[in-house]
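Structural characterization, general
So you can see what is in the structure, the chains are spelled out below.
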Amino acid sequence: MIVTRAGFLTSVQDLGRTGFREFGVSTSGALDPFAVRVANLLVDNDEGAAGLEITLGGLQLRLNDERIVAWCGGEFEVQIGSRSLPAGRVARSQAGDELKFRPPQIGCRGWLAISGGVDVPIVLGSRSTDLRAEFGGFQGRTLRDGDVISLGEWPGSSAFAKATADKPTTAKIISSWTAPHDWVSPARPNPILRFVRGMDWTRFNASTLQRLTSEPFTVSPDSDRMGVRLTGPELSRADNVDLISEAVAPGTVQVPPSGQPILLLGDCQTIGGYPKIAQVITVDLGIAAQVRAGDRVRFSEVSLGDAHQLFLQRERSLERFRIGLSLRDQ
């Protein structure tokens, strides 16, 4: 495929680079791994296949051969040729078709899966781009206008490809079926992020903890794939004891001396010395990945047991969805 317009920030991402955090290597990968899994299943890829992460739209691609495409994410207006392609729908593209992502109304990121996957070298077990360390993905950087990106081989054996094989080659075929709305469109206005208590929860007094769950925070423009800086009520510690740097992960909410929290995302560092007041639960990381400057965010506490149950419920639902898709291939 040819990148005719790269947009604000587009990079190659998969499910991330695991097993190297002890060496200081960030996970990277799509900021909403679940969205990537769903999009890949829709186009009959392996769930971990590499695709594109699009930030704030502006991306325009030209596909050089026939492919199946699908995307998940914020409320983007996406076109394939002259037809609108909603989130979670599957489209059959022909050679020469153009795919366009316009700026989103809600949210800020989308994930595009293309049958065969994006074919870039595997570095430390992943095709993801580590933008800070400048390795992986496509030449270790964001995409630029004019880039030519290789795609993996695609046998054309998906149910959707078979069902549309006899359609006119000039037609832009889009599926009538889709994945669940909450999976393909996780962006929310004024989102509420659920969390479990962090390791340093008891280092904050009762009034501070109440402010965390009762007052909104505003997303700062000084946010990126590493983390979301929030402004709002000051979260003051009850002690001034120096802390030893400990492991952090996507979803960790740290509180620096300013008292303004930072929600870590996929490109976050592997250890940190700021107190960890909370950990956003896994099933809400996709919502967190959609917040942008000016959005208002609230936090709501859940138990660890509830967090586990929500995760397992979603995995069971995904398994049923995976089975349903496989039955379409028979």
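Just above sits the structure.
Below is a summary of the structure that appears in this document. Per-chain numbering applies: the sequence of each chain, read as written, is numbered from 1 onward. Local features are withheld for residues below a pLDDT of 70 in this predicted model, meaning they are given only at 70 or higher, and side-chain atom pairs are given and counted only at 80 or more; totals for whole chains, interfaces and linings count all residues. Working from all heavy atoms in the structure, the side-chain values ignore hydrogens and water.

Attention now goes to the overall build of the protein. Only DSSP runs of H or I covering at least 4 residues are called helices, and only runs of E covering at least 2 are called strands; the numbering of each starts at the N terminus. Within the protein, the secondary structure is distributed over 6 helices and 20 strands. Along the longest, intermediate and shortest principal axes, the C-alpha atoms of the protein span 70 × 35 × 35 Å. Think of it in three bands: with a 1.4 Å probe and only protein chains considered, a residue is buried below 20% of the maximum accessible area for its type, exposed above 50%, and partly exposed in between. Among the 330 residues that make up the protein, the fraction classed as buried is 53%. Contacts: residue pairs with any heavy atoms within 4.5 Å of one another. A sequence separation of at least 24 residues applies to 76% of the contacts in the protein between residues at least 6 apart. For the protein, the accessible area works out to roughly 14500 Å², and carbon and sulfur atoms hold 50% of it. To measure how exposed things are, a 1.4 Å probe is used in the Shrake-Rupley method; for residues, cover is taken only from the protein chains shown.

The next subject is helix H1 (residues 33-42). Counting buried positions along H1 gives 9 out of 10 residues, so the element sits mostly inside the fold. Of the positions making up H1, those classed as buried are Phe34, Ala35, Val36, Arg37, Val38, Ala39, Asn40, Leu41 and Leu42. Against the buried residues of H1 lie strand S5 (67-73), strand S10 (109-114), helix H3 (181-184) and helix H6 (304-328). Looking at the residues trailing H1, positive phi occurs at Asp44, about 70 degrees.

For this analysis, a nonpolar core means a set of buried residues of the types Ala, Val, Leu, Ile, Met, Phe, Trp, Tyr and Cys, connected via side-chain atoms within 4.5 Å. Core analysis: the biggest nonpolar cluster contains 78 residues, and Leu52, Leu112, Ile277 and Phe299 have the highest contact counts within it. A per-element tally of this core places H1 first, with 7 residues. When residues no more than four places from it in sequence are discounted, the contact partners of Phe299 are Leu193, Phe195, Leu212, Thr213, Phe217, Leu230, Val253 and Val280. With 5 residues, the next largest nonpolar core counts Val196, Ile281, Val283 and Ala307 among its residues.

Every definition here rests on a 1 Å grid over the protein atoms only: cavities are sets of points where a 1.4 Å probe fits but cannot get out, pockets are open sets enclosed by protein on both sides within 12 Å along at least five of seven lines, and lining residues have some atom within 4 Å of a point. Grid points are joined across faces, edges and corners, and a volume is the space filled by probe spheres set on the points. Size it by volume and the largest pocket reaches roughly 670 Å³. Phe34, Thr282, Val283, Asp284 and Arg314 are the residues nearest the centre of the largest pocket, which is lined by 34 residues in total. Of all the elements in the fold, those that place two or more residues in the lining of the largest pocket are H1, H3, helix H5 (285-288) and H6. Top contributing element to the lining of the largest pocket by residue count: H6, with 6 residues. Each residue gets one of three labels, nonpolar for Ala, Val, Leu, Ile, Met, Phe, Trp, Tyr, Cys and Pro, charged for Asp, Glu, Lys and Arg, and polar for the others, Gly among them. A class-by-class count of the residues in the lining of the largest pocket yields 16 nonpolar, 10 polar and 8 charged.

What follows concerns the sheet that holds strand S11 (residues 173-174). Ordered by their spatial adjacency, 6 strands build an open sheet running S2-S3-S10-S5-S8-S11, and the pairing between neighbours is antiparallel. Here the strands that pair on one side only, and so sit at the sheet edges, are strand S2 (9-13) and S11. In the sheet, S5 pairs with S10 via 5 bridges, with the strands oriented antiparallel. Among the inter-strand pairings, Ala70 is bridged to a residue of S10, identified as Ala113. By definition, two strands form a pair when at least two bridges between them are found by DSSP.

All right, on to the pairing of strand S9 (residues 98-101) then. Residues Leu99 and Phe101 of S9 are buried on one face, while the alternating residues Glu98 and Lys100, pointing to the opposite face, are not. Relative to S9, strand S4 (residues 59-62) runs antiparallel, the two sharing 3 bridges. From the neighbouring strand, Leu61 faces S9, where its bridge partner is Leu99. Pairing analysis gives 3 bridges linking strand S6 (residues 78-80) to S9, with the strands arranged antiparallel. Counterpart to Gln79 in the pairing with S9 is Lys100.

Read these as layout, nothing more, since geometry by itself doesn't imply function.
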